[in-house]
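The residues making up each chain are set out below.
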Protein chains: 2
Amino acid sequence: MSAQSIGKLVIIGVGLIGGSFALALRRAGLVKHVTGVGRGRENLEAAKNLGIVDDWTNDAAEAVRDADLVLLAVPMGAYENVLGAIDASLPSGAIVTDAGSTKQHALSMAKKFLSDPQYFVPAHPLAGTERSGADAAFAELFDEKQCIITPDKATDAAAVARVKALWEAAGATVLAMPAAEHDDFLAAVSHLPHLAAFALVNAVRKEAERNREPDPFRFAAGGFRDFTRIASSSPEMWRDIALANREAMIVKLDALQQELAHVRRMLDAGDGESLLNEFADAKASRDAWLEKHGGAK
Amino acid sequence: MSAQSIGKLVIIGVGLIGGSFALALRRAGLVKHVTGVGRGRENLEAAKNLGIVDDWTNDAAEAVRDADLVLLAVPMGAYENVLGAIDASLPSGAIVTDAGSTKQHALSMAKKFLSDPQYFVPAHPLAGTERSGADAAFAELFDEKQCIITPDKATDAAAVARVKALWEAAGATVLAMPAAEHDDFLAAVSHLPHLAAFALVNAVRKEAERNREPDPFRFAAGGFRDFTRIASSSPEMWRDIALANREAMIVKLDALQQELAHVRRMLDAGDGESLLNEFADAKASRDAWLEKHGGAK
């Protein structure tokens, strides 16, 4: 279906994702008025000056009073407070969607804190950069990206269709799946690489602290830069994701540790043939991924 | 010192590194004649057509007969064969340098297979892309990169000075250190990320094999792409590096496993404060590295 225009859009958390969603819907001509909600005056003023929001407030409950659609684009750890704050003033039938990285947690928070959780449509756009804040937002962020939505049986079908159409209008390809499946997939291909990048940087950091001269970081080159780019991501955001999806992440972490233990045994045995097979299998998978999905970003 | 011109340069292994070294020295006007040595006719013909080499041969022993300087740019696993093949025909005083990723192994191979190992100056330019072959070579590859040389007490001082000047003329900043120190540093900031990237891709691959629909790789996005770029590197090259530097790599792998186990304990305990500190420490280190060294690539 083509997307229905929104009279008033409320963006709670006007950062990279929230700001880009507003800009993308403006680009599509689908939104009349955008109100931004947040805590930092400076970021909200920037969002207004950049044309992302028409006005802003620190008061989420007040902002949503006449909202048609609310996007929750705050860290997972803030869902409880924000949903608790807006529930009483949400108009009947107003749709709430989000952009959080773990969907079982989002659904359970909605069920706990919203009186009408059937109008909450969990969404996760697979897009982002390590930059944050309103001034990092741009209308094209979701173009050719995937957005996974994870409604359950209780979710209102019309609300699902509307949210799907809006993310599509924002540029994304939308795919629906159960929240648990989403969380399991993302634990493998997103959350685990982040944990591993943080851990690897810390392993090198501890070495640097033990043995300061010359600094081992000095010899880190392009491979290190790309491998650890995601270790420059927001620690607060990743703490929240780790806590919200910790069961799936522990399973993936165990799988990675098993692989590393397997590599260690091959190294210890000096088994070049097995190392070659291990590396060749990884390269083949990664090259196939790049060929099939990498171009679509 | 400024670099002394080379009458005849022999590049054994005309790939990304070997080809770029020849092009960089041509750019500096420091080489009269370049002979390429390799096994594949197609790659060597390409190198000739691209102006990287003036002529080529499959016969390394023949090629070095009147060489002034020889660059060994083959996988570590081929050092034994190549050094063994060229020793008898190397002119007296001809300098041999290399570009391999592990330097204790390079030194020990030179001592084992060369009659005059004092003219072997081990070098490792910290530069590369995941591409390979002569057609990936370019004259600017080493510009603003570091090149580590690891002569020992027995290495001829004039040969060291000459090799240093040539890598500088090729664009690099040259730094000397003991081979063991080099291998230890590189195990942390280069070899370990490669092992971890291969292992992570394999962990996801095995999940994909167990549970085919939908393919989890489908949801991999930009973070995954950058994190695993190095898993598209040459399996043969990394097998050789892993075997040549396995002792240092096992130590680093153990340090990474300890970090991952530490993260797992925090996840298991739901300890958000410790996770935040862990991630924040990594981000601070990585951002500081990027600030201090990342710009120099």
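Since we're looking at a predicted model, the values are computed, not measured. By convention here, each chain's residues receive numbers from 1 onward along its written sequence. Throughout, the order in which chains and ligands are written sets their labels, letters from A for the former and numbers from 1 for the latter. The predicted origin of the model limits local features to residues at a pLDDT of at least 70 and limits the giving and counting of side-chain atom pairs to 80 or more, whereas totals for whole chains, interfaces and linings rest on all residues. Think of the side-chain values as coming from all heavy atoms in the structure, minus any hydrogens and water.

**Looking at the overall build of chain A**
Piece 1. Numbering of helices and strands runs from the N terminus; a helix is a DSSP stretch of H or I covering at least four residues, while a strand is a stretch of E covering at least two. In terms of regular secondary structure, chain A is built from eleven helices and nine strands.
Piece 2. Principal-axis analysis of the C-alpha atoms gives chain A an extent of 65 × 45 × 35 Å.
Piece 3. Here chain A holds 297 residues, and the buried ones make up 57% of them.
Piece 4. Areas reported here follow the Shrake-Rupley algorithm with a probe of radius 1.4 Å; residue values treat only the protein chains shown as occluding. Working note: accessible area of chain A is about 11,600 Å², and carbon and sulfur atoms make up 48% of it.
Piece 5. When charges are counted, Lys and Arg are positive and Asp and Glu negative, with His and the chain ends excluded. Charge placement uses NZ in Lys and CZ in Arg. For Asp and Glu, CG and CD serve respectively. Charge centroids of chain A, computed over 32 positive and 40 negative side chains, lie 2 Å from each other. With a 1.4 Å probe rolled over the protein chains alone, any residue whose accessible area is under 20% of its type maximum counts as buried; one over 50% counts as exposed, and the rest are partly exposed.

**So, the pairing of strand β2 (residues 31–37) of chain A**
Residue and element names in this part refer to chain A.
Piece 1. Among the seven residues of β2, five are classified as buried, and the element is accordingly described as predominantly covered.
Piece 2. Two strands pair under a simple rule: DSSP has to find at least two bridges between them. In terms of strand pairing, strand β1 (residues 6–12) meets β2 through six bridges, oriented parallel. Its bridge partner being in β2, I12 is matched across the sheet by V37.
Piece 3. Handedness rule for crossovers: strands pointing away from the viewer, path from the first strand over the helix to the second running clockwise, crossover right-handed. In this fold, β1 hands off to helix α1 (residues 16–27), which returns the chain to β2; that crossover is right-handed.

**Focus: the nonpolar core**
Piece 1. Only buried residues count toward a nonpolar core, which is a set of Ala, Val, Leu, Ile, Met, Phe, Trp, Tyr and Cys residues joined through side-chain atoms within 4.5 Å. If you look at the biggest cluster of nonpolar residues, it comprises 133 residues, and the most contacted ones within it are I12, F224 and L267 of chain A together with I12, F224 and L267 of chain B.
Piece 2. Should any heavy atoms of two residues lie within 4.5 Å, those residues are counted as being in contact. When near neighbours in sequence (up to four residues on either side) are disregarded, L267 of chain B contacts L195, A242, R246, M249, I250 and L253 of chain A together with L275 of chain B.

**Focus: the relation of the copies chain A and chain B**
Applying a rotation about an axis and a shift along it to one chain copy brings it onto the other copy.
Piece 1. Alignment of the copies relies on least squares applied to C-alpha atoms, considering only residues that score at least 70 for pLDDT in both. After a rotation of 180 degrees and a shift along the axis of 0.0 Å, chain A superposes on chain B with an RMSD of 0.0 Å. Here the copies are linked by what is in effect a two-fold axis. Minimal C-alpha separation from the rotation axis in chain A is found for F227 of chain A, amounting to 2.0 Å.
Piece 2. Taken as a fraction of all interface residues of chain A, those also at the interface in chain B reach 100%, which identifies the copy contact as same-surface.

**Let's talk about the environment of G15 of chain A**
Residues and elements named next belong to chain A.
Piece 1. Position of G15 relative to the elements: it lies in the loop between β1 and α1.
Piece 2. When its relative accessible area of 17% is taken as the criterion, G15 is described as buried.
Piece 3. Expressed as a C-alpha distance, the spacing of G15 and V31, which sit 16 residues apart in the sequence, is 18 Å.
Piece 4. Once you skip the residues sitting within four places of it in the chain, G15 turns out to touch S20, G133, A134 and A137.

**Looking at helix α11 (residues 272–292) of chain B**
Piece 1. If you check α11 of chain B, its first and last C-alpha atoms are 30 Å apart, about what 21 residues at 1.5 Å a residue would give, namely 30 Å.
Piece 2. At its buried positions, α11 of chain B is contacted by α7 (179–210), α8 (222–227) and α9 (235–244) of chain A together with α10 (246–269) of chain B. Each helix should span, by expectation, one fewer than its residue count multiplied by 1.5 Å.

**A look at the interface of chain A and chain B**
Piece 1. Each partner contributes residues to the interface: chain A has 89 residues there, and chain B has 89 residues.
Piece 2. Two parts placed together each lose some accessible area; with a 1.4 Å probe, that loss summed over both constitutes the buried area. With both sides pooled, the region where chain A packs onto chain B buries about 8,600 Å², and carbon together with sulfur makes up 67% of that total.
Piece 3. When the buried surface of chain A facing chain B is broken down by residue, F219, F279 and R286 of chain A rank first, second and third, together holding 9% of it.
Piece 4. Here, a salt bridge means any side-chain nitrogen of Lys or Arg that lies within 4 Å of a carboxyl oxygen of Asp or Glu. Remark: the boundary between chain A and chain B carries eight salt bridges.
Piece 5. For the salt bridge of R229 of chain A with D226 of chain B, the shortest nitrogen-to-oxygen distance reads 2.4 Å.
Piece 6. For the purposes of these results, a polar contact is taken to be a pair of N or O atoms within 3.5 Å, where, inside protein, one atom must be able to donate a hydrogen and its partner to accept one; residues adjacent in sequence count only when each atom of the pair is a side-chain atom. The interface formed by chain A and chain B includes 25 residue pairs in polar contact (both at pLDDT 80 or more).
Piece 7. Each residue receives one of three labels: charged for Asp, Glu, Lys and Arg, nonpolar for Ala, Val, Leu, Ile, Met, Phe, Trp, Tyr, Cys and Pro, and polar for the others, Gly being one of them. When the residues that make up the side of chain A that touches chain B are grouped by side-chain class, the tally is 50 nonpolar, 13 polar and 26 charged.

**Quick look at the sheet that holds strand β9 (residues 173–176) of chain B**
All names here are of chain B.
Piece 1. One open sheet holds the three strands; their spatial order is β7-β8-β9, and the pairing between them is mixed. Looking along the sheet, the strands with just one partner apiece sit at the ends: β7 (123–125) and β9. Pairs of neighbouring strands in the sheet enclose a mean axial angle of 20 degrees, with direction left out of account.
Piece 2. Here β7 pairs with strand β8 (residues 146–149) via three bridges, running antiparallel. The residue bridging P125 from the neighbouring strand is C147, located in β8. Each axis is a line fitted through C-alpha atoms, taken for helices only over the stretch in contact, and angles between the N-to-C directions span 0 to 180 degrees.

**Concerning the pattern of salt bridges**
Residue and element names in this part refer to chain B.
Piece 1. For the coordinates displayed, the defined rule picks out 28 salt bridges over all chains.
Piece 2. E62 is paired through a salt bridge with R65; the nearest N and O atoms lie 3.5 Å apart.
Piece 3. Classification of R65 by relative accessible area gives partly exposed; the value is 47%.
Piece 4. Residues D152 and K111 are paired through a salt bridge, measuring 2.3 Å at the closest nitrogen-oxygen approach. Linking D152 in the loop between β8 and α6 (157–169) with K111 in helix α5 (residues 103–113), this pair joins segments that are 41 residues apart in sequence.
Piece 5. In this structure D152 comes out as partly exposed when scored by relative accessible area, which is 26%.

**So, the packing of aromatic side chains**
In this description, a pair of aromatic rings is defined by centroid distance and the angle of the planes.
Piece 1. Whether two aromatic rings pair depends on their centres lying within 6.5 Å, for rings of Phe, Tyr and Trp, where Trp uses its six-membered ring; planes under 30 degrees apart make the pair stacked, over 60 edge-to-face, and the rest tilted. Here the structure, examined in full by the defined rule, presents eight aromatic pairs over all chains.
Piece 2. With a centroid separation of 5.0 Å and an interplanar angle of 80 degrees, the aromatic rings of W289 of chain A and F224 of chain B are classed as edge-to-face. On the criterion of chain membership, the pair formed by W289 of chain A in helix α11 (residues 272–292) and F224 of chain B in helix α8 (residues 222–227) is interchain, its members lying in two chains. Of the two residues examined, W289 of chain A and F224 of chain B, each falls in the buried class.
Piece 3. Judged by centre distance (4.4 Å) and plane angle (40 degrees), the rings of F21 of chain B and W167 of chain B are tilted. On the criterion of sequence distance, the pair formed by F21 of chain B in helix α1 (residues 16–27) and W167 of chain B in helix α6 is long-range, its members being 146 residues apart. Residue F21 of chain B shares its accessibility class with W167 of chain B, and that shared class is buried.

**Focus: the pairing of β9 of chain B**
All names here are of chain B.
Piece 1. Where β8 lies against β9, four bridges are found, and the strand directions are parallel. Bridge pairing in β9 links Q146 to T173.
Piece 2. Crossover β8 to β9 through α6 is right-handed.

**A word on unusual backbone geometry**
Residues and elements named next belong to chain A.
Piece 1. The backbone of E144 sits at a positive phi, close to 60 degrees, despite the residue not being glycine.
Piece 2. In this fold, E144 is placed in the loop between β7 (123–125) and β8 (146–149).
Piece 3. Residue classification places E144 among the exposed residues on the basis of a relative accessible area of 57%.

**Some details on the sheet that holds strand β9 (residues 173–176) of chain A**
Whether parallel or antiparallel, the strands of a sheet pair through hydrogen bonds between backbone atoms.
Residue and element names in this part refer to chain A.
Piece 1. An order of β7-β8-β9 is seen for the three strands of this open sheet, with the pairing classed as mixed. Each having just a single partner strand, β7 and β9 make up the two edges of the open sheet. Here the average twist between neighbouring strands, direction ignored, is 20 degrees.

**Regarding the side chain of T35 of chain A**
All names here are of chain A.
Piece 1. By the secondary structure assignment, T35 is in strand β2.
Piece 2. A polar side-chain atom of T35 sits 2.7 Å from a polar atom in the side chain of D55.
Piece 3. Residue contacts for T35: discarding those within four places in its chain leaves K8, L9, V10, I11, V53, D55, W56, T57 and A63.

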